[in-house]
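One-letter residues, chain by chain:
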Amino acid sequence: TVPCVRLLNATHQIGCQSSISGDTGVIHVLESEADLEWPLSKGPNPPYMVLLESSLFTKSIMMKMKNASSRVAGVVVVQKTSPPEFSPHTTCPNENTGVYTETYDHNLAHCNTTVWNPRGNGLSYEEFDSPVFSLKEDNETEVIKQCYFDHNRVVNGSGLQYPLCAMQLFSHMHAVTDTATCMRRSSMDFSTSPVMVCDPLGGYNVCAFIRPYNSTAFGHKENESVVIAAARLDSRAFFLEDSTGAEGSVSGFVTLLAAAQALREATQEAPPTRNILFAFFHGEVFDYIGSSRMVYDMKNNMFVIDLDNVHSILEIGQVKTLRSGTNLFLHSDPVSRRNNTVTNLVKNLQSSTAGLNFSLVETDFSQPLPPSSFQRLLRARAIPGIVLADHQTDINNRYYESFYDNAAHLNLTYPSNLSPEEQLEFVTDTAKSLTEVATAVARALFKQAGGNNSQVNKINADPKTVTQMLYGFLVRSNNSWFQAVMAPELKDILHTLTSIKKVLGSSLRCVFCLSEPNPPQYYVGVAKSSHQANALTYLVQYLLANLTGTATNLTQSQCKKPDELPNESTYLYSYLWVQGVVPPNSTQRESFCVRTAVRLVKAVSPAFDLGDYISKEYSTWTKSQWKFIKARIFLVASRDLEMLTLGVGVAVLFTSLLVTYFVRTKADVLFSSVREPNNAAY
C-alpha cells in the first residue's frame, strides 16, 4: 500500500492527505467513467471510497472527484494494465530553475519554442484534501473487491441492504501552506522532543574521477582540465514510492556505469591528458537538487574542483532500446554552442559510432536544451556540452515520470522458463542496445579527454554487465550479483518485506504478508541527519566502485583503517569491504576490499543551508511528516440502526443514573445493619 503524500515548495503545497482522524467512506468500485455518476450524485450512502483500476486513473476523473469532496472520501488506485500514455508531470519540467530564464534568453524561457512533455497533465502537482492510495493487483485487492461485491454492488440502480462495506484511510500530514511555513514550525522548540513538521528533499550524488584528487583540498586545481560525464539517478511518480523511471533515468545511468567500466582499462594503460568526472546526480526531478548543489559547492570552493576546471560536459539522458538503423540525438544550447569545443565534442561522439548499429544526429541549432542537469551548470557559466537523448524534439517517453515507466516499458522481458539467476545472466535486446550506446559514450569521452586514438577501438562496453544492472535495477535488486558487490552491513537494503494488515469485521488478520522481488526506490527521499544514503545511492556507489576500482589484498580491519598502511591514503581513495561471491561447493563468501575513487557528495539544496526558503534560485521542495499511514476495511450498519443503538444506549445510561440516584438516597435503608445485643456470647 503506497499513499500519495504532501510536498511543499516556496509557493504552495501539492499532494494528498486525510483528516486527522482518517477519512471513511462506503466502498464503490469504479468500472467505467460513466459509473462515476453513482458516487458523485446518485448514490444514497455518501461519502464513498472509490476503488478504480489504473486505466481510469486520469486527471479528468480525479478532478471530478476532487470537486465533489463532500461525496468522495478518498480514492484507491489498483495498478493493473498500462494505458496507451500517461504522464502526471508538467508539460515544461523544471521550467523555473533551468538556464532558460528571462535574463538568459527570454525567447527560450518557459518552453516557448519546444514543449518538452506534451503528454503531461500536471496531476502530480495538484493538491487533494482527501487520501489517495495505490494498491497492487493481489490478494489484498481481491479482499476489498469481494467485500464490495458481497455488500455494496449496485443492482438495478439501487444499493444492497445494510450492512455495507466501508474503508478508512489514514494519511494525515503535519505540514501545510509552503516550505517557509513548515520549516519555521519545525524550528520552534517548545519541548524536549520537538516535532519535525517537514524535511528537505535530498540525498547524495555519486562522483568518481579517473584520476583522484585529494578529497580535503577544495577549490581550483592548477593546470587541470576535467570532462564531466553526467546522468541523473532519480525519478518520480504520482505515488512517490512507486517511482521506477526505467526509460527516464535508469537507461541513462546504467549506460554511464557501463561506459565507466569500459574506460577503466584504457585510461589505466594510456591515461588521457584531461581528467574525467563521472557524476550521478540525485534529486534532479525536483528542480535540479543534485546538480545545483555541485555547482554551488564549486562556486564556493567546497568541491575538489571549480567551474574554471570544467572543460566540457556530456550528459546521458533517456536512451531507450534502439532498433537497427535508428538515431540518437545530440542536444546543445544555442547560446553556449558558439564555443568550438561543442563542435569537437559532437565530432568525437559521431565518430565513436563507427561499426555500431545507430547514428548520432545533431538537433536544430536554434532548439534549446531539454530538461537536464547540464542546464544548472550553464546557469552558472557558458560551459560547452551535449545532452544525449533518444528524442529529437519533445520527449517521446509515453510514461514520463509515472509508475508505468517500468521494466515492461523498456521491453525488458525474459523467457518464462528461466530461474531468477538465469534471468540475471540472460542478455536481453535492451541490454545489447544500451551496450552499444555505452560503447559510443566511452569512446567519445576518451577522445574528448585527449586520449590516444590508437586505444579507441579497444574500448567496448560489456553486455553481461549491462543486462545484470538492468535486471537488478528494474526487476529484482536482491540478486546474487548485487549481493556480491555490497558491504555486509548494507545487505539488508536489498530485501523488501511487504506486510499489510486489514481489519475485516471484528477480526484482524494478515491478508498479504510475503517477501517479493522489488527494484529499489527511485524517488530521492528526504535528506537524513544520520548521513545515510538511500538504497539506490548505495547500489550505484558500490557498483561504480566495483566496476572502476581495484580489488586489494587488504584484510577487513586494514580496509577500515588503510591510513595505517604505507602506499594507502583515504585522502585519495575510499576503501569498501564487499561481500564477494559464494564459490561453488561452499557456503562462505570470498569477501575483499575495493580501493576506489568513488565518493558520496551531499545533494541537498543550498536554499536550506542559506535559510532561504522562498528562493527562486534553488530548489525548496520539502516533504511533510506524518504520524502513521494505514488503511482498514469493515462493515457499517445503517443510519437507522446506528440511531437506534444510540437511543438504546442513552436510555440505558439515564436508567442507570436513576437507579444509582435511588440507591444512593435510600442507602441507609437498603444497606443498614442490625446491632447485635451486648450480651451476645461466643
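Residues numbered from 1 in each chain as written. Predicted model: local features only at pLDDT ≥ 70, side-chain atom pairs only at ≥ 80, totals over all residues. Heavy atoms only, no water.

A closer look at the overall build of the protein chain
The criterion, for reference: Only DSSP runs of H or I covering at least 4 residues are called helices, and only runs of E covering at least 2 are called strands; the numbering of each starts at the N terminus. Only protein chains enter the accessibility calculation, which uses a 1.4 Å probe; a residue is then buried when its area is under 20% of its type maximum, exposed when over 50%, and partly exposed in between. The contact criterion used is simple: two residues touch if any of their non-hydrogen atoms lie within 4.5 Å. Accessible surface area values rest on a Shrake-Rupley calculation with a 1.4 Å probe, where residue burial reflects the displayed protein chains alone. The charge count treats Lys and Arg as positive and Asp and Glu as negative. His and the chain ends do not count. To locate a charge, the coordinates of NZ of Lys, CZ of Arg, CG of Asp or CD of Glu are taken.
Helix and strand counts for the protein chain come out as 18 helices and 25 strands. When the backbone C-alpha atoms are referred to their principal axes, the protein chain occupies close to 120 × 70 × 55 Å. By residue count, 54% of the 682 residues in the protein chain fall in the buried class. Within the protein chain, counting contacts between residues at least 6 apart in sequence, those at least 24 apart form 78% of the total. Split by element, the accessible area of the protein chain, about 30100 Å² in all, is 51% carbon and sulfur. Charge separation in the protein chain, taken as the distance between the mean sites of 56 positive and 62 negative side-chain charges, equals 2 Å.

Some details on the packing of helix 6 (residues 246-269) against helix 11 (residues 429-448)
What counts is decided by this rule: Fitting a line to C-alpha atoms yields each axis, with helices limited to the stretch in contact; the angle taken between N-to-C directions then spans 0 to 180 degrees. When describing relative orientation, an angle under 35 degrees is termed roughly parallel and one over 145 degrees roughly antiparallel, while 65 to 115 degrees is termed roughly perpendicular and anything else oblique. By convention the crossing between two helices is left-handed if the near helix lies anticlockwise of the far one by an angle smaller than a right angle, and right-handed if it lies clockwise. When residues are sorted by character, Ala, Val, Leu, Ile, Met, Phe, Trp, Tyr, Cys and Pro go into the nonpolar class, Asp, Glu, Lys and Arg into the charged class, and all the rest, Gly among them, into the polar class.
As a packed pair, helix 6 and helix 11 sit with axes 8 Å apart at the nearest point and diverge in direction by 50°. Here helix 6 is positioned oblique relative to helix 11, judged by the angle of their axes. Considering the relative orientation of helix 6 and helix 11, their crossing is right-handed. Between helix 6, through Ser251, Thr255, Ala258, Ala259, Ala262, Leu263, Ala266 and Thr267, and helix 11, the contact on the second element is made entirely by Leu434, Val437, Ala438, Val441, Ala442, Leu445 and Phe446. Considered class by class, the residues forming the contact of helix 6 with helix 11 number 12 nonpolar, 3 polar and no charged.

A few points about the sheet that holds strand 23 (residues 598-604)
Threshold: Whether two strands pair comes down to DSSP finding at least two bridges between them.
Pairing within the open sheet is mixed, and its 8 strands lie in the order 16-15-17-14-12-13-11-23. For this open sheet the edge positions go to strand 16 (358-362) and strand 23, each flanked by a neighbour on one side alone. Between one strand and the next, the sheet's axes are offset by a mean angle of 25°, whatever the strand orientation. With 4 bridges joining them, strand 11 (residues 202-209) and strand 13 (residues 275-281) adopt antiparallel strand pairing. Among the inter-strand pairings, alanine 208 is bridged to a residue of strand 13, identified as phenylalanine 278. Packed onto the sheet, helix 7 (residues 289-299) meets strand 11, strand 12 (226-232), strand 13, strand 14 (310-316) and strand 23 and runs at close to 100° relative to strand 23. Helix 14 (residues 535-548) rests against strand 11, strand 13 and strand 23 of the sheet, and its axis sits at about 155° to strand 23.

Overview of the packing of aromatic side chains
We count it as follows: Note on aromatic contacts: the rings of Phe and Tyr and the six-membered ring of Trp form a pair at centre separations within 6.5 Å, being stacked when their planes are under 30 degrees apart, edge-to-face when over 60 apart, and tilted otherwise.
One pass over the structure, following the stated rule, counts 25 aromatic pairs. Relative to tyrosine 618, the ring of tyrosine 296 lies with its centre 5.9 Å away and its plane at 85°, an arrangement referred to as edge-to-face. In this pair, tyrosine 296 is assigned in helix 7 and tyrosine 618 in the loop between helix 16 (606-610) and strand 24 (622-624), connecting sequence segments 322 residues apart. Seen from their ring centres, tyrosine 414 and phenylalanine 426 are 6.2 Å apart, and the 65° between their planes marks the pair as edge-to-face. In this pair, tyrosine 414 is assigned in the loop between strand 17 (385-389) and helix 10 (420-425) and phenylalanine 426 in the loop between helix 10 and helix 11, connecting sequence segments 12 residues apart. Judged by its relative accessible area of 17%, tyrosine 414 is buried. A relative accessible area of 32% means that phenylalanine 426 is categorised as partly exposed.

Describing the sheet that holds strand 20 (residues 550-552)
Pairing is antiparallel in the open sheet, where 3 strands are placed in the order 20-22-21. Two strands in the sheet have a free side with no partner beyond their single neighbour: strand 20 and strand 21 (574-578). In this sheet, adjacent strand axes meet at a mean angle of 35° when their direction is disregarded. Examined bridge by bridge, strand 20 and strand 22 (residues 592-596) share 3 bridges and lie antiparallel to one another. Of the residues in strand 22, the one forming a bridge with alanine 551 is valine 594.

A few points about the nonpolar core
For clarity, the cut-off: For our purposes a nonpolar core is just a set of buried Ala, Val, Leu, Ile, Met, Phe, Trp, Tyr and Cys residues, chained together by side-chain atoms within 4.5 Å.
Residues Phe253, Phe280, Leu470 and Phe473 are the most contacted members of the largest nonpolar core, which totals 83 residues. With 12 residues, helix 6 is the single largest residue contributor to this core. What leucine 470 contacts, discounting residues up to four positions off in sequence, is Val250, Val254, Leu410, Leu412, Thr430, Ala431, Leu434 and Val475. Formed by 28 residues, the second largest nonpolar core is a distinct cluster that contains Cys207, Phe209, Ala279 and Ile313.

Some remarks on the environment of threonine 101
Mapped onto the fold, threonine 101 is located in the loop between strand 6 (72-79) and helix 3 (102-105). Judged by relative accessible area, threonine 101 falls into the buried class, the value being 19%. Sequence separation of threonine 101 and glycine 203 is 102 residues, and the distance between their C-alpha atoms is 27 Å. Leave out the neighbours within four places in its chain, and threonine 101 touches His106, Ala109 and Arg379.

Quick word on the UniProt feature "transmembrane region" (unreviewed entry) in the protein chain
Put simply, the test is: UniProt positions are given in the numbering used here, feature names are shortened, and annotations may be inferred rather than shown by experiment.
Residues annotated by UniProt as "transmembrane region" (unreviewed entry) correspond here to residues 643-663. Secondary structure across residues 643-663 divides into 100% helix and 0% strand, with the first and last C-alpha atoms of the span separated by 30 Å.

Let's talk about the side chain of glutamine 17
Put simply, the rule is: Under this definition, polar contacts are N or O atom pairs within 3.5 Å; protein pairs additionally need one hydrogen-donor-capable and one acceptor-capable atom, and for neighbouring residues in sequence, both atoms have to be side-chain atoms.
With respect to the element layout, glutamine 17 can be found in the loop between strand 3 (13-16) and strand 4 (23-30). By relative accessible area, which is 13% here, glutamine 17 ends up buried. At 3.5 Å, the side chain of glutamine 17 and the side chain of histidine 172 are in polar contact. Of the polar contacts made by the side chain of glutamine 17, one reaches the backbone nitrogen of methionine 173; its length is 3.0 Å. The residues contacting glutamine 17, other than those within four sequence positions of it, are Arg6, Asp23, Phe128, Asp129, Ser130, Pro131, Ser171, His172 and Met173.

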